[in-house]
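Notes for the structure review
For reference, the chains in residue letters:
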Amino acid sequence: MTFSDAERAVEEALALVARDPGGRAPGPSGGGGGRGRGEGAGTDRGHRATAWPRAREVAARAGAVTRPRTHRVALADALGEVLAAPLEALTDLPSFDTSAMDGWAVSGPGPWSVRPGSDVLAGSDRPDPLTDGEAVRIATGARIPGETTAVLRTEHSREVGGQLYADRDVLTGQDIRPRGQECRSGDLLLPSGSAVTPAVLGLAAAAGYDELLTRPRPRVEVLVLGDELLTEGRPHDGLIRDALSPMLGPWLERIGADVTAIRRLGDDPEGAEALLRAVTGSAADLVITTGGTASGPVDHVHPVLERAGAELLVDGVAVRPGHPMLLARLDGGARHLVGLPGNPLAAVSGLLTLAEPLVRGLAGRAPRPRYAVPVRDAVSGHPYDTRLVPVVLTADHAVPLRYQGPAMLRGIAAADALAVVPPHGAKAGQDLEILDLPWVAGGCFT
Ligand SMILES: Nc1nc2c(c(=O)[nH]1)N[C@H]1C(S)=C(S)[C@@H](COP(=O)(O)OP(=O)(O)OC[C@H]3O[C@@H](n4cnc5c(N)ncnc54)[C@H](O)[C@@H]3O)O[C@H]1N2
Ligand code: MOO
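Residues numbered from 1 in each chain as written. Chains lettered and ligands numbered in written order. Predicted model: local features only at pLDDT ≥ 70, side-chain atom pairs only at ≥ 80, totals over all residues.

1. Notes on the environment of Pro-422
The condition is simple: For helices the rule is a DSSP run of H or I covering at least 4 residues; for strands it is a run of E covering at least 2, with both sets numbered from the N terminus onward.
Along the chain, Pro-422 turns up in the loop between strand E27 (417-421) and strand E28 (431-436). Taking the C-alpha atoms as reference points, Pro-422 and Pro-383, separated by 39 residues in sequence, lie 9.1 Å from one another.

2. Focus: the environment of Pro-390
Selection rule: Two residues qualify as a contact pair if the distance between their C-beta atoms, derived from the backbone, is within 7 Å.
Within the element layout of this structure, Pro-390 appears in strand E25 (residues 386-393). Distance in space between the C-alpha atoms of Pro-390 and Ile-412 is 5.4 Å, their sequence separation being 22 residues. Excluding residues that lie within four positions of it along the chain, Pro-390 makes contacts with Leu-401, Gln-404, Gly-411, Ile-412, Ala-415 and Leu-418.

3. As for the sheet that holds strand E11 (residues 163-166)
Put simply, the rule reads: In this scheme, strands are said to pair when DSSP sees at least two bridges between them. Interaxial angle, 0 to 180 degrees, is taken between N-to-C directions of lines fitted to C-alpha atoms, where a helix line uses only the stretch in contact.
Ordered by their spatial adjacency, six strands build an open sheet running E9-E6-E8-E7-E11-E10, and the pairing between neighbours is mixed. Two strands bound the open sheet, and with one partner strand each, they are strand E9 (150-153) and strand E10 (157-160). For this sheet, the mean angle separating the axes of adjacent strands, direction not counted, is 35°. Sheet topology places strand E7 (residues 112-114) next to strand E8 (residues 134-138); two bridges connect them, and they run parallel. The residue bridging Val-114 from the neighbouring strand is Ala-135, located in E8.

4. Focus: the domain arrangement of the protein
The criterion, for reference: A domain assignment, automatic or from a database, supplies the domain bounds used here.
Structurally, the protein comprises domain 1 (31-66 + 218-363), domain 2 (71-91 + 184-215) and domain 3 (98-177). The gap between the C-alpha centroids of domain 2 and domain 3 is 35 Å.

5. Looking at the confidence of the model for the protein
The following threshold applies: The predictor rates its confidence in each residue with pLDDT, a number between 0 and 100.
Mean pLDDT over the protein stands at 89; residues scoring 70 or higher make up 88%. Across residues 1-46, where pLDDT falls below 50, the model places 86 contacts with residues more than four positions away in sequence or in other chains. Among the prediction metrics, the complex's ipTM stands at 0.98, with pTM recorded as 0.83.

6. Things to note about the environment of Pro-218
Turning to its location among the elements, Pro-218 is positioned in the loop between strand E14 (211-215) and strand E15 (219-225). Spatially, the C-alpha atom of Pro-218 lies 9.6 Å from that of Glu-81, the residues being 137 residues apart in sequence. Ignoring any residue separated from it by four or fewer positions in sequence, one finds Pro-218 in contact with Ala-257, Asp-258, Asp-285, Leu-286, Val-359, Leu-362 and Ala-363.

7. So, the sheet that holds E15
Strand order in the open sheet made by the six strands is E18-E15-E19-E23-E22-E20, with mixed pairing throughout. The open sheet has two free edges, formed respectively by strand E18 (258-265) and strand E20 (311-315), since each of these has just one partner strand. Taken over all neighbouring pairs, the strand axes of this sheet differ in orientation by 20° on average, direction set aside. In this structure, E15 lies alongside E18, joined through seven bridges in parallel fashion. Within the sheet, the bridge partner assigned to Val-224 lies in E18 and is Arg-264.

Encoded structure:
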């Protein structure tokens, strides 16, 4: 579903009242660096919303410049982290001359006399050297006996009465992997900053590592604000189910965070005090709040940040949904807070706009690679703000989904990605930047 005419009319009216008193129209928000005027929380505080591309850059940069933590972990625990030191080979690979095939180690030109009863197997100790004209049965991965000139594959050989014959030419050195073919001890295998993937774990093990020095996953504490939230059962009496706690924990884990706690805080003064304690004292690298970002009577996030002396890096983003999202520096940049709006799709928007780039930066990972896909259908745009629209990806297109309102999860739950729709919308066939959802592509190893 694209914006209905009624929805668009409301959005346009809101955007118009959000113009500054001098009547200057907001700048474009989708083109990198322009700044659009936010309404609501933004307008109330008399400042401008940050353009969507700029907000992502600010979040990525905030993460990247934070002093990194490092730790030494067992290989099995390093998956999904980032190397904090170059991975240098601790050994030659292979560490000895080894047979590439099952067959025969032979010495000199054939035919060869078979050495009886002494197969050379993988893992066996140094075998006796061959003499010229001799052959011994050998397994893939076994040490090559001294004086071997080639390995002859079983299927290319015939053994008759203790004599071995080759049924094709034998080249010196064939099917022998010489020591150090892949690397020499001390060679740089991967630079610091590389992501630890399953393949990297395999390489590290092969190269002799039991532990790796890595940057740990950023610790994230999630605080879900709101008195109206139920943790079980069906909505009733004006109360609704908390849709964010079940979603944010695993989502954050998939983008590389270590979620240390998910806590619910009330909208009462006690909730505000608990929020203040978390903002000032949490051991997490990143505190994520949900709800309370706008200007309602119990929206505590801004007042608490002010009391805590936090520095707002982003306070409102020119994006729909999600525009009241915010990013703050705590303790001079040692820790951060991302405030996600309470509307569930708006929270997803904040997660992808601010939390993901920040977590990647804190983890030492580069921003995700950007790519674009033609959108199948025309998508209407906001007059000044970027829109993030749930899409399904086909072989050729991004197909916009219905149910894309800020309070709806029905579209995103069926989506592969969000398409980034610039102000004024997109024509059918226009290339749109795509933000993959982490379980579709590019997710973290957990
Ligand atoms: N006067 C204004 N009002 C609002 C503005 C504005 O600019 N001026 N912005 C609107 C927009 S846009 C959004 S988005 C929301 C942001 O609201 P808050 O971040 O303050 O969040 P709440 O008011 O606490 O909740 C909003 C909405 O979301 C529901 N909610 C909250 N938490 C959850 C949860 N964990 N699971 C499911 N649903 C949740 C909550 O019940 C509300 O319906 O503000 C607009 N208002
Ligand atoms: O437009 Mo709000 O930012 O998501 O509902």
